[in-house]
Amino acid sequence: MNSCGVSLTTAVLAFGDEAKKMAAGKASGDSQEESFTLTLEERQALGGMDSRLFGFVRLHEDGARSKTLLGKAIRCYESLILKAEGKVDSNLFCQLGHFNLLLEDYSKALSAYQRYYSLQDDYWKNAAFLYGLGLVYFYYNAFHWAIKAFQDVLYIDPSFCRAKEIHLRLGLMFKVNTDYRSSLKHFQLALIDCNPCTLSSAEIQFHIAHLHETQRKYHSAKEAYEQLLQTENLPAQVKATVLQQLGWMHHNMDLVGDKATKESYAIQYLQKSLEADPNSGQSWYFLGRCYSSIGKVQDAFISYRQSIDKSEASADTWCSIGVLYQQQNQPMDALQAYICAVQLDHGHAAAWMDLGTLYESCNQPQDAIKCYLNATRSKHCSNTSTLAARIKFLQNVSDNWNSGQSVSHHPELQQLYSLCLTPQKLQGLHKSQSSCLSGTTEEQLLFSTGCAQYHQATSTGFKKQNEHLTLCSNSGPQKVADSHLPSHIATSNGQQGIIFTKESKPSKHRSLVPETSRHTGDTSNGSADVNGLSNHVHHTIADVVSGPNHGVSPNLLISDNPQLSALLIGKASDSMGTGTCDKVNNIRPTVHTKTDNSVVSLPSSAISTATSSPKSTEQTSTNSVTSLNSSHSGLHTVNGEGLENSQSSTKIDLPLVSHRSACQIIPSMSVSICPSSAEVLKACRNLGKNGLFNSCISLDKCPPPRPPTSPYPPLPKDKLNPPTPSIYLENKRDAFFPPLHQFCTNPKNPVTVIRGLAGALKLDLGLFSTKTLVEANNEHMVEVRTQLLQPSDENWDPTGTKKIWRCESNRSHTTIAKYAQYQASSFQESLREENEKRTQHKDHSDNESTTSENSGRRKKGPFKTIKFGTNIDLSDNKKWKLQLHELTKLPAFVRVVSAGNLLSHVGHTILGMNTVQLYMKVPGSRTPGHQENNNFCSVNINIGPGDCEWFVVPEDYWGVLNDFCEKNNLNFLMSSWWPNLEDLYEANVPVYRFIQRPGDLVWINAGTVHWVQAVGWCNNIAWNVGPLTACQYKLAVERYEWNKFQSVKSLVPMVHLSWNMARNIKVSDPKLFEMIKYCLLKILKQCQTLREALIAAGKDVIWHGRTNDEPAHYCSICEVEVFNLLFVTIESNTQKTYIVHCQDCARKTSRSLENFVVLEQYKMEDLIQVYDQFKLGSDRYALSLSSSS
Ligand SMILES: [Zn+2]
C-alpha cells in the first residue's frame, strides 16, 4: 500500500516504516492487521483533525463516519505505539490525545497528552496540544490547570483560531473562582470576537449580566437582562432563562417597591419564562415559592406539582412542599414531604432541620435530635454550632418532655422511609390539602400541645432555615444514585458550584441556568450550559452567587449571616478551583509512578460514576481522581510496557509549571551576538510566513512566563524573621553619600529603611500635614477604602471565625476636607475612649471588668469599620507647588524626577508612578499585599504623626505568594489580599517586619512584595522610581510579560520605554545593555514582519507620526501595549478619535481588517538608526544622558 508513504500528520510520517510493515502485513492477507491501517483518504481526513475541532465535529447526527474514522485512527495509533516498543514519536501521543478528545474519551485524551508533555520539551510551542489539554482539564473541573493551559495558548499564539472559545471558558472559570474582574474581561474579549464558538453572543451576554448579579450589582444585572430581552430573535431558551433570573431576582431582592409589587413582578417574569419554556421545572418551582410567600397556597401547590411533573424529583421542591404544609398546620403531610426530600438527598441539611423542627413542634425531642444530628452530618450544614447547641438543649429537656408526654404522635424516625410521598401520593396532594385545611383533630392537637415555648423558640431560631431551603439538582436521571452526594451546590448559597453533565438531557437540560444550584431565599444564581453550537459539549457550569436577601459574594462575607459566611468560606477553600486542582495536581505523579495507594486503590466501579453525570464538586473531584486513575490503566493498554518503565520521571509531576522560564524572556546574550539591524531584518524576511498572525515579539517563540518556584534550599525556620536593612542618617552629607544608593538598589536588600531622612535633610514634612493639605486644596478628591479594623498581623473574615487572605474593601470618594474631619474626629474619639478606660480602670481596679474585657478580646470580631484615604493625586504642579518643590531636596536616586530614573524617560505621566500620591490614615488603615506596577521600586515617606507597620517579602518568593493567592481564589495581581503569617512561616517564606516612624523613608526594591498597616494617625507620600540597573529592567520586562499572560494591563509601557532609553541614555552596564538591545531587536523584527505582511496582504500602512509627548498606546480591547503600528477603525480614524486596537483584536472583529486602517508612528529607518546607534557606554559606572533628552 502506497498510502502509508503519504503521511498527512507528522506523527504518521515518523512511522513510515511501521506503517509499511503493517501494510505489508495486510498485503499478505493478515486480517488481524486490517483495522490498523489507514487508507490515503482516511489519512487526508485525519490530517486536519485536532483539538481545534472540538465542539465542531458532529459525532451523533451525520457524523457517524467521523466517529468511526477517529476510532479506527486511535486503534491504529495505539497499535503503532505498541509496536514501537518505547521508541515513540511524541507527536503520535499528541495526535492520539486529539482523537480521543474529539471522541470525548477524556481520560484517554489526558493520558495521551501527558505522554506527549513528558516527551516533548518544547510542548509549549504546540497551541493545539495546549488547547486540547485545557479542554480536558476543563472537563475535569481542574480549573487551575485549565486556566494555565489556555493562558499558554493565548500567550504563544494570540491569534489562535479558537481564542474566542478560550476567552469564553476562561470567563466561566474565573467567574467560578470569584475573580470577577478577569471573568468580565474574558467574556468581553469573547463577545467582540466574530469567530464561532460553542456559545452564542446572547449566551455570552447572559453570562455578563449574570456576572453583575453574582457581584450583587442587581440593578446593573436587571438592566443587562432587560437589554438582552430586547435582542431580536433571542433563542427561546435564553429568553426563558433571562426571565427566570429576573423573576427570581425580583422575588429575593428589593428592586421595586413593596413586597406585593416585587412579588407581582416576580410572578409575571416567571410566567413569561414558562411561556418561553413551559417545561422548566425550576421556573415552576420558583413560581411556587413566590405564591407561597404571598400566601397563595393553592397556586403554590399547583406550581410545585408542575415542577415535580416537569423535572426529576427534587429534594428542594419536596422540602418546600413540606414547609408549605407545615405552615398550613398539616404536620403529617409536611412530614411526608420532608421525608421525601431526605430520601432523595440524604444530605439535605435544610430538610433535616425542618424535619427536626417539625418533630420538636410535635413534642418528639428524641426524633428531633436525630434529625438535627443528620443535619449536622451533612457537609452542607451551615450552622453546625447553633444546631449542636440546640441538640444539647433538647437532650437536657427531653427527659422532662418524655415524662409529661409519653405518646408519640408522629412516626418514629425509623419508620420514616416507608412514608415517603410518591408522585402517586402527590396526585392527591390537592385533595388532602384542602381537606386538611380544616385540620384533623389529631393534628390540631399536635400543635396545641404544651410545648409552645419550644415551638416558639424553634420557629424563631429556625424560621430562617425554612425560608432558606436548599435547592438541589433535579436535572439528572441518576438523582437517587447520586443522592449520597450532598447537594452542596444548592446549599452553597452564595457560592459557585460546577455541574458537568456528560449526557445532555434533551428538553430539561438545555437551560442556561440548569435546574440546579439555586438557593431559596437567595437570588438565583446562574450557570452556563456550554451547549450552544455543538450539542456534544455538555459541560454545564452552574454557579450560585448571592446570599439571602442581600446576595453575598465571598469577598464580602456578611457578618449578620454567619452560617452563610462559613459556608462561603468553606466552599471557597474546597471548591473545584483549588480542591480539585490539588487533587489533580497530586495525582499527576501517581498516574505514572503508582506511589499513591489511595489513588490506585480506588474501586474501579467508581469510574462509571465518574463518567456519568456528576453534579457536585465533590463528585467531580472523585471524577478527576478516578478518571485519572482510569487513564493510568488506559495508558497501560496503550503501551504494553507500562509507563513506569518508559517514563523519564523527572518532568512528570508538574507538567505545566515545572520550570521557570521567565528569565528566558531576556536570555543572557553576549554583546557580540547582537547583529546589526540590517542583518536582523534580512533574516526576518526569511522567517515564518505566518508572521502576519503572530504578534509575539520574540525572535523565536518564548515559552510562556511562569512564577518562580520557592527558592531552594528552604531557609531554616530561625531565618524567617530577618532584621530589616536600616540606615540611620545624621546629616545631609549622609543622605547624599553614593553608597546609600548602591545599598538600596542592591538586589540582596529587598527593603531599606532610611531612618531620620527628613530630619537630616531638614525637609518640611509639615507641608503634607492634614492641616496644610486642607488649607492648600480642601476640595481635592480622596479615594476612600472602607475597611475593618484588624490586628496588623492577622486578617479575619468579617465574623471573626477564620483567618483568611482575602481582604476586599469598598471603594468610595470624598474630599480632603471631609477626610480630614473624619481623621480628626477618629483621633478625638480614641482620646475620649482612652480617658474613659483610664478612669474605669482607676475606679474598678482589678475587678471583673478587666477580665471580661480580656476574654472578649480573644473572640475576634465584630470588627470596627474604618476609612482609609488613599491614592490622593498630587501630580498637579500648580496645586501642589510647595509640596513638590520640597521633594526636590531629596537625593537624586529617590527623587520623583531624575535622569537616572527610568520612569522619567517614559515621556508622559503615569499617575502614582512618576507622580506623587498621598495617603491619609487612621489606625488600622491597610495597604494590601502587592508588588509595585511592573516591579518598579518605590519610595514612601511617613509624614506622621503616627507610625506605620510594614511587612516585606523578597522578590524571589512572589511565586509562593502567587500560589497562596490561587489557593484562596484570589488574583495575585488584581485582588486585595493580606497574607497569613502562619502560612508564610509554614512555607519557609522570610518576612521582614518593621515600624516606619515619621520622617523615615522606606525604599522598596524592585519586585519586593509588601503590605502596610497604619499604627497611628498619619499621612504618607509615595511614588515609584526605576533605577538604571539590569535587575530593575529585567524584573520590569518579566512582569510586563506576566501581565500579558494574565491579561492585565502593564502601566509601564516597556516597549515604548525601551526605545526612549535607547535614544536618551548611555548604558555602561553590559548586562543592562544586552537586555535592552535584545528587546529592541525583538520589537524591530516584529514591526518589520508585521509591516511587510500587511503590505503583502494589500493593506495600506498610513503614515501618522507622533507628537512629542504623546503617551504610549494600549489596545482599547485587551489592553496590551501597541507600538508603532496602530489599528484604528475607519470610523474612529475619520472622527480623529484614534481608538487603538492591537492587530489581534482588530482581526477578531474584522478578519481581513476591512474595517481598519493601520497607522504608522515611526519610520523603520528611524528605528533601525536608533537600534544601531545604541551602543554600550565606555564609562563603566557613570550613566550619562545624551543631549537629546
Ligand atoms: Zn488587543
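Predicted, not measured: the structure shown is a model, and the values here were computed from it. (Residues numbered from 1 in each chain as written. Predicted model: local features only at pLDDT ≥ 70, side-chain atom pairs only at ≥ 80, totals over all residues. Heavy atoms only, no water.)

Protein coordination of the zinc ion is provided by Cys1115 (SG), Cys1118 (SG), Cys1142 (SG) and Cys1145 (SG), with donor distances spanning 2.2 to 2.3 Å. Considering all 4 donor atoms around the zinc ion, angles at the metal cover 103 to 113° and the coordination shape is tetrahedral. Counting residues between consecutive donors of the zinc ion along the chain gives the motif C-x2-C-x23-C-x2-C. A residue is classified by how much of its surface remains accessible, and cysteine 1145, at 1% relative accessible area, is buried. (Donors = N, O, S within 2.8 Å, 3.2 Å for Na, K, Ca; no water. Tetrahedral: all angles 85-135°; square planar, octahedral: opposite > 155°, others 65-115°. Buried < 20%, exposed > 50% of the residue type's maximum accessible area, 1.4 Å probe, protein only.)

A contiguous patch of negative charge on the surface is contributed by Glu829, Glu833, Glu834 and Glu836. Of the residues examined, glutamate 833 reaches a relative accessible area of 37% and is grouped as partly exposed. (Patch = residues over 30% accessible without salt bridge, like charges linked within 9 Å, V, L, I, M, F, W, Y side chains within 5 Å. Areas by Shrake-Rupley, 256 points an atom, 1.4 Å probe, with all protein chains shown as cover. Salt bridge = Lys/Arg side-chain N within 4 Å of Asp/Glu carboxyl O. Lys, Arg positive; Asp, Glu negative; His and termini not counted. Charge placed at Lys NZ, Arg CZ, Asp CG, Glu CD.)

This part covers the UniProt feature "repeat: TPR" (unreviewed entry) in the protein. Here the UniProt feature "repeat: TPR" (unreviewed entry) sits at residues 90-123, 127-160 and 315-348. Within the segment residues 127-160, helix and strand shares are 79% and 0% respectively, and the terminal C-alpha atoms sit 8 Å apart. (UniProt positions renumbered as here; feature names shortened; annotations may be inferred. Helix = DSSP H or I, 4+ residues; strand = E, 2+ residues; numbered from the N terminus.)

A word on the nonpolar core. Formed by 90 residues in total, the largest nonpolar core has its most connected members in Phe129, Val953, Leu961 and Leu984. Counting residues per element, this core draws most heavily on helix α7 (residues 127-139), which supplies 10 residues. Grouped together as the second largest cluster of nonpolar side chains are 49 residues, Trp318, Tyr338, Met353 and Cys381 included. (Core = buried A, V, L, I, M, F, W, Y, C linked by side-chain atoms within 4.5 Å.)

On to the sheet that holds strand β8 (residues 865-873). Ordered in space as β4-β5-β14-β11-β16-β9-β8-β6-β7, the 9 strands form an open sheet in which the pairing is mixed. The sheet is open, and its two borders are formed by β4 (726-728) and β7 (810-815), each paired with just one other strand. Within the sheet, the average angular offset between the axes of one strand and its neighbour, ignoring direction, is 25°. Across the sheet, helix α36 (residues 738-745) lies against β4, β5 (751-755) and β14 (1001-1004), angled at about 145° from β5, the strand it touches most. (Pairing = 2+ DSSP bridges. Axes fitted to C-alpha atoms, helices over the stretch in contact; angles between N-to-C directions. Contact = heavy atoms within 4.5 Å.)

In this section: the environment of glutamate 730. Along the chain, the position of glutamate 730 falls in the loop between β4 and α35 (732-735). Accessibility expressed as a relative area gives 69% for glutamate 730, which makes it exposed.

Attention now goes to the packing of helix α8 (residues 143-156) against helix α9 (residues 163-176). α9 packs onto α8 with a crossing angle of 145° between their chain directions and a minimal axis gap of 10 Å. For α8 against α9, the interelement crossing comes out left-handed. Within the contact between the two elements, α8 uses Phe143, Ala146, Ile147, Phe150, Gln151, Val153 and Leu154 and α9 uses Ala163, Ile166, His167, Arg169, Leu170, Met173, Phe174 and Val176. A per-class count over the contact of α8 with α9 returns 12 nonpolar, 2 polar and 1 charged. (Left-handed = near helix turned anticlockwise from the far one by under 90°. Nonpolar A, V, L, I, M, F, W, Y, C, P; charged D, E, K, R; others polar.)

Let us look at the sheet that holds strand β15 (residues 1009-1014). Paired through their backbone hydrogen bonds, the strands of a sheet run either parallel or antiparallel. One open sheet holds the 4 strands; their spatial order is β10-β15-β12-β13, and the pairing between them is antiparallel. What marks the edges here is a single partner per strand, and that holds for β10 (926-930) and β13 (992-996). Mean inter-strand twist for the sheet, computed between neighbouring axes without regard to direction, equals 15°. Here β10 runs beside β15; their pairing, made up of 3 bridges, is antiparallel. Paired with threonine 927 across the bridge in β15 is valine 1012.

Moving on, we get to helix α11 (residues 201-214). A rise of 1.5 Å per residue sets the reference length of α11, with its 14 residues, at 20 Å; its end C-alpha atoms lie 19 Å apart and thus fit the reference within 8%. Among the 14 residues that make up α11, 12 are buried, leaving the element largely enclosed by the rest of the structure. Arginine 216 lies just past α11 and shows a positive phi near 65°. (Expected span 1.5 Å × (residues − 1).)

Moving on, we get to the packing of aromatic side chains. Enumeration according to the criterion identifies 35 aromatic pairs in this entry. Measuring from centroid to centroid gives 3.6 Å for tyrosine 106 and tyrosine 139, while their planes differ by 5°, and the two rings are stacked. Residue tyrosine 106 is found in helix α6 (residues 106-119), and its partner tyrosine 139 is found in helix α7; the two are separated by 33 residues along the sequence. For the pair shown, tyrosine 106 and tyrosine 139 are each scored as buried. Measuring from ring centre to ring centre gives 6.0 Å for tryptophan 1059 and phenylalanine 1123, while their planes differ by 5°; the resulting arrangement is stacked. Of the two residues, tryptophan 1059 is situated in helix α45 (residues 1054-1064) and phenylalanine 1123 in the loop between β20 (1121-1122) and β21 (1125-1129); the sequence distance between them amounts to 64 residues. The two residues tryptophan 1059 and phenylalanine 1123 agree in class, both being buried. Feature note: the residues Tyr155, Trp805, Trp958, Phe964, Phe972, Trp977, Trp1042 and Phe1045 constitute an aromatic cluster, connected by ring pairs. Here the basic side chain of arginine 169 rests over the ring of phenylalanine 138, its NZ or CZ set 4.7 Å away from the ring centre. Stacked on the ring of phenylalanine 964, the Lys or Arg lysine 967 has its end atom at 5.3 Å from the ring centre. (Phe/Tyr/Trp six-rings, centres within 6.5 Å; stacked < 30°, edge-to-face > 60°. Lys NZ or Arg CZ within 6 Å of the ring centre and 35° of its normal.)

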